[in-house]
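What the coordinates show
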Amino acid sequence: MKRWLFLLALLTLASCEKPDTRPTITVQRIFGDCRAHVPKGRPATANPNGECEIITGLLDRFEAENPDIRLKIITVAWPGYDQLSAQFAADDAPDLVTMHMAVIPDYKSHHLLMPMSEDLKEQGITPDQFTPVARRAVSMDGDIYGLPFDSWTQLFHINMNLFAKAGLVKDGKPILPRNAGELLVQARQFRERTGKPYFVQSMVNERAAYARNLYTYLLAQDEVIFPDPNHIRLNTPRAREIVGLFKRIYDENMTTRDQDYGTATAAFVNGQGGVYIVGTWMIGAFDAEAATPGRPLYKGYTVVPYPVLFGDRPAAFVDGHAWVMPVKRRTPEQTQAVMRLLKFLSVHEADWTRSGHLSSMKAVITDPAYQAQPHRRDLMAITSYGQGLPIDVQRQFAIQDMLSEELAAAITGAKPVDQALHDAETRINDMLTNLS
Amino acid sequence: MSRVRGRRVWQGLRYAFCAVMLILILLPLAWTVFLSLRNNVDLMRQAPLSLFGPYTLGNYGELLKNRTLFRWFFNSMVVSGFSVLGVLALSSLAGYAFGRLRFPFRNWLYAFVLMGLAIPDQSVILTRHHIFSTLHWHNTYLALILPGLSAPLGVFLMTETFRAIPKGMEDAARLDRASPFMIFWKVLLPQTIPAQASLGIYTFLLSWNDYWWPLISATRPDMFTLTEGMAAAQTNYAEVTGMGVLMAEAVLAGLPVLIIYIAFQKHIVSAITGMVKL
Amino acid sequence: MAIMARKGEARGWGNLLFALPFLSVYVWLLVYPLLAGIRLSLYRANLFGGEHFIAFENYIRLFRDRTFIQALGNSILFVGLTVPLLVALALGLALSLNRATRFAAFMRSVVFASSVLSVTVLTIIWRQVLVPDGGLLSHFSHMIGQAPVAFLNDQRLVLPSLAVITVWWSLGLPMILFLSALQQVPRSVYEAAALDRATPWSVFRRITLPAVMPAVILVAAYECALQFQVFGQPQLLTQGGPNGASRPLVLYIYETGFNHWDIGYAAAASQMLFALILVALLVPQAARWLPAFLKGRRA
């Protein structure tokens, strides 16, 4: 018995750490774990413009420049909200955490986030420095609930080498369809001339892309998706048209099938298709591929906003990442430390945008150095016409999950399109009307 | 059909069946080891892999440089180890009480305990999470160990085991006016070693494999159990780490338990065999 | 001294102390949470606080919820696919390996070895077997010139695939339990049967099967209860897809609780799971008592 107690005591002691008097703040983020090829305090040995590589480098740099602050960095798998909810429920939330702007209203309405405008002002950060899109997304009830870090959207990433082979390049620019009919014609042409599918899509275990595609084209036609905060409206002729197009693309084998996110990304990089529908965050990585001789994307990569397939003006569904402060007891030193980190991140936002994300700071957007980066000029307009979802609708990620599941069923033919849209409506409305 | 031929047919079927099962079980394991020895870049190419292709130990190298895997393993060992000790202690004491001693309401209490056998973890997990939240005990070993101690299976097993010991065992000790605890400790407990072993092994595996509870209780990566950490690695891999490293992680995570099993095979099998005799 | 000892024994409250440690943990972490969960299922409640009483509305809502019904069906189907296959294969292995050869011992180890892996390692291994891009089975498909099948992304194949994975993983313990039951039959019985020139089939039917039947019922009941609680495999491999075809009850409860934050509703769903398991465990009991009861005898 005595031996066991001794062992127990030893083990509990072993799990204690040496006393450290520096203020410690826990920083929780998504974007993956790449410590293996990003040694502490040194540049990345691979993919230097990847999200993971940049954020790891930034946080390392902050630690090096601020030795009086200790960071405990927790990397969680995307999107990280299951853990965050469990942590909030356990009263054990991190000090600072990345959060999609679409989700901020949720946590804010449950009084889980701290307003930041006062503290940010002390650090010299004011809301008028943010782009309109970002500012709208983080402002609620007259206060700021997150520091914008970027805006992102889904884009058409194009393998220009394959496009050229398919005869879809003119004057060095890709030929894009101007409506749904042209898309089908060009896709068929692409398949005939290259033997590969026009689209590369992540379709398996995919809980976001489907919803985003639908939102983009609904917003382009000024369709009201949420008539009130507790209802969604999906089973409309326009929605059916959009989903019908994607279903046709699937049925006629104009897209890769049965791939999850990782596999689809690898497939595009390996030259298995013409257009990969994914977000801004891959621009840095794909540019790196385009600079590597011998790779399928070598000197053959460009990226454009979604072509106007429905309606008559461009639209983009835009979201973004922000840094939010969960409500918790902090010592004044800890709060100061958090603010200093926020200031650092805001100042280095331009560095973060090397990944391809759009900046959320006006100063960076208008900076010629930023605009000189590849493709940025083509995408800048999105920061003005991009739209997000209404901020008074809660549970956006749960909605996205359910919607994507039903859309996947419709597009792969498991259910008729109107049945899927109807089911999505029912499920989402059931959840929204039973919120407490 | 002649009897001899009939028997030959059975024999042939048996061999075929065993051969097929052997291949089916070993193939996925071999495939995992094979993938763990390939370059991440090769695996990204999504081209069919050749058996003679370049092999590398680099994935293992990368993993061994990274401390977190060892931390997770340590956590799992601590949690599972103390779970076993806790369950054995509590179940033996309670089993002795229900199986050998008399006290008021004994049979009612035993029935009350048996009813708990039907309760699935999922019916209680939300409230358990709330209990530990109020105590601020999440992200501790206590939170990972305690819920396992409330399972009634061990008590059921030990009660039946104690009951099965012949009545005469304690007489000598009682003549010596030994206390109930001494009778328990010196006379009866040693008789239950096989059952203890079975219960211990079963509890260890159950605790090692627990997934949902650590997922919501141990939210800090340094408190992850190995099972939970591997799940996090799985969902993270698509972002950066690479398939080869993930496979190597799977091999390294499975290996220790396999080694323990192989080393203690005979004991494990005879222990579980003993359990069936109830 | 003797009188005091007798008095203490008669009342025996002291003896209760032995059971107290377990009973305390049992009540605190199993009984109380169950009751609290049942209470919670009668409320509309949020993960972060706030609740109000709505009586049985959650249950009514459950039965109108297509996703719940689908999850319920998936759980029942999953158990129906997994348990018979598992019992049959484990029994077959036990029968085939019930001998003292080195090969049998090696094979028994191999079978049990797959059981000691954790569920997360299991899913890592099997994803790379089933996935159509670079998976083991897709390599075989290419070799025979066929397009690879996307097992985990096909509505009709996904649940059977998960069942196969689960059976692969769970063979060890049932096999050993059956082996022990088989080994309880003394050699003399088999020798007597051989002398009587019994055919292998009648040996099986008259000697082997009755000997192993109690173990079969035990394993079947236990595995049913266990497989109703399947969580890791679908959550890690398919996240319940495609189209909810592989979403079992427990995943539904998890999503409702931690994704939708709707814990009153999740609690109601988990009470349904409890009821399901209760039925699964009571059915073999009833099956045992029913014939005796019908014959007018008490069990």
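Rules used in this analysis
- Residue numbers restart at each chain and count upward from 1, following the sequence in its written direction.
- All chains are assigned letters beginning at A, and all ligands numbers beginning at 1, according to the order in which they are written.
- Only residues with pLDDT of at least 70 get local features here, since the model is predicted, and only at 80 or more are side-chain atom pairs given and counted; chain-wide, interface and lining totals rely on the full set of residues.
- A helix here means a DSSP run of H or I that spans at least four residues, while a strand means a run of E at least two residues long, and both kinds are numbered starting from the N terminus.
- Based on C-alpha atoms, the radius of gyration is set beside the globule rule, defined as 2.2 Å times the residue count to the power 0.38.
- Exposed residues have 12 or fewer other C-beta atoms within 10 Å of their own C-beta, buried residues have 20 or more, and residues in between are partly exposed; the C-beta atoms are placed from the backbone.
- Note on contacts: each residue gets a C-beta atom placed from the backbone, and two residues are in contact if those atoms are within 7 Å.
- Throughout the structure description, domain borders are defined by an automatic or database domain assignment.
- In this classification, the charged set is Asp, Glu, Lys and Arg, the nonpolar set is Ala, Val, Leu, Ile, Met, Phe, Trp, Tyr, Cys and Pro, and all remaining amino acids, among them Gly, are polar.
- Think of it as the arc spanned by the lines of direction from the helix axis to the C-beta atoms.
- Where helices are involved, their axes are fitted lines through C-alpha atoms of the stretch in contact, as for all axes, and angles between N-to-C directions lie from 0 to 180°.
- Orientation labels follow simple angle bins: below 35 degrees gives roughly parallel, above 145 gives roughly antiparallel, 65 to 115 gives roughly perpendicular, and whatever is left gives oblique.
- Crossing handedness is defined as follows: a turn of the near helix away from the far one that is anticlockwise and smaller than a right angle gives a left-handed crossing, while the clockwise case is right-handed.
- We define a nonpolar core as a collection of buried residues of the types Ala, Val, Leu, Ile, Met, Phe, Trp, Tyr and Cys that are connected via C-beta atoms lying within 7 Å of each other.
- A pair of strands counts as paired when DSSP detects no fewer than two bridges linking them.
- In this analysis, the expected span of each helix is defined as 1.5 Å times one less than the number of residues it contains.

What follows covers the overall build of chain C. The helix and strand inventory of chain C stands at 14 helices and two strands. A compact globule built from 299 residues would reach a C-alpha radius of gyration of about 19 Å, whereas chain C, at 25 Å, exceeds it by more than 25%. By principal-axis analysis of the C-alpha atoms, chain C measures approximately 85 × 75 × 45 Å. Looking at chain C as a whole, 47% of its 299 residues are labelled buried. Within chain C, contacts between residues at least 6 apart in sequence are counted, and of these 69% link residues at least 24 apart.

Residue-level contacts link 27 residues of chain A with 28 residues of chain C. Within the residue set of the side of chain A that touches chain C, elements represented by two or more residues are α3 (81-89), α19 (396-411) and α20 (417-433) of chain A.

All names here are of chain A. Each assigned domain of chain A is listed here: domain 1 (22-152 + 319-387) and domain 2 (153-317 + 391-433). Placing a centre on the C-alpha atoms of domain 1 and another on those of domain 2 gives a separation of 27 Å. Every contact between the two is made by 26 residues of domain 1 and, on the other side, 25 residues of domain 2. Elements represented by at least two residues in the side of domain 1 that touches domain 2 include exactly α4 (104-109), α17 (376-379), α18 (382-385) and β13 (386-387). At three residues, the largest contribution of residues to the side of domain 1 that touches domain 2 is made by α4. Counted by class, the side of domain 1 that touches domain 2 contains twelve nonpolar, ten polar and four charged residues.

Before going further, it helps to spend a moment on helix α10 (residues 180-188) of chain B. When we look at burial in α10 of chain B, the residues that qualify are Pro180, Ile183, Phe184 and Leu188 of chain B. Down the axis, α10 of chain B shows its buried residues gathered within 100° of arc, on one side only. Away from its buried face, by an angle of more than 90 degrees, α10 of chain B presents the exposed residues Met182 and Lys186 of chain B. On the buried face of α10 of chain B, the contacting elements are α4 (68-100), α8 (153-164) and α9 (171-175) of chain B together with α2 (13-40) of chain C.

We now examine the packing of α4 of chain B against helix α11 (residues 193-209) of chain B. Residues and elements named next belong to chain B. Between α4 and α11, the least distance of the axes is 9 Å, while the angle of their chain directions is 140°. Between α4 and α11, the angle is such that the two are oblique. Between α4 and α11 lies a crossing whose hand is right-handed. Across the interface between the two elements, Ser76, Val79, Ser80, Ser83, Val84, Val87, Leu88 and Ser91 from α4 touch Gln196, Leu199, Gly200, Thr203, Phe204, Ser207 and Trp208 from α11.

Attention now goes to the environment of valine 338 of chain A. Residues and elements named next belong to chain A. Tracing the backbone through its elements, the reader meets valine 338 in helix α13 (residues 332-347). C-alpha of valine 338 to C-alpha of aspartate 119: the two residues are 219 residues apart in sequence and 10.0 Å apart in space. What valine 338 contacts, discounting residues up to four positions off in sequence, is Ile25, Asp95, Leu96 and Met325.

Residue and element names in this part refer to chain A. Counting through the fold element by element, alanine 164 comes out in helix α7 (residues 160-165). Alanine 164 gets classed as partly exposed once you count the C-beta atoms within 10 Å, which come to 15. The spatial distance from the C-alpha of alanine 164 to the C-alpha of alanine 350 is 33 Å, given a sequence separation of 186 residues.

This brings us to the interface of chain C and chain B. Taken together, the 70 residues of chain C in the interface contact 74 residues of chain B. Looking at the side of chain C that touches chain B element by element, the count peaks at 16 residues for α2 of chain C. Of the residues belonging to the side of chain C that touches chain B, the class tally is 48 nonpolar, 21 polar and one charged.

Take the nonpolar core next. Ile104, Leu214, Val243 and Leu407 of chain A together with Phe178, Ala269 and Leu273 of chain C are the most contacted members of the largest nonpolar core, which totals 271 residues. Setting aside residues no more than four positions away along its own chain, leucine 214 of chain A makes contact with Ala239, Ile242, Val243 and Leu407 of chain A.

The subject of this paragraph is the pairing of strand β10 (residues 275-279) of chain A. All names here are of chain A. By the criterion of burial, β10 is predominantly enclosed, with four of the five residues buried. Strand direction decides the pairing type here: strand β6 (residues 147-159) and β10, joined by five bridges, are antiparallel. Residue pairing across strands places isoleucine 158 opposite valine 275, the latter belonging to β10. Summarising the sheet, strand β9 (residues 199-200) and β10 pair through two bridges and their orientation is parallel. Considered in β10, the bridge of valine 200 is made with tyrosine 276.

In this section: α13 of chain A. For an α-helix, 3.6 residues make a turn, and residues three or four places apart therefore share a direction. With 16 residues, α13 of chain A should cover 22 Å at 1.5 Å per step; its first-to-last C-alpha distance of 22 Å lies within 8% of that length. Three or more residues of α13 of chain A are buried, namely Ala337, Val338, Leu341, Leu342, Leu345 and Ser346 of chain A.

This part takes up the pairing of strand β12 (residues 316-324) of chain A. Residue and element names in this part refer to chain A. Across the nine residues of β12, nine count as buried, placing the element largely inside the fold. Looking at chain direction, strand β3 (residues 96-100) and β12 are connected through four bridges and run antiparallel. What sits directly across from valine 97, in β12, is valine 324. With six bridges connecting them, β6 and β12 associate as antiparallel partners. By the bridge assignment for β12, leucine 147 is matched with tryptophan 323. The pairing of β12 with β13 spans two bridges and is parallel. Within β13, the position partnered with alanine 316 by the bridge is glycine 386.

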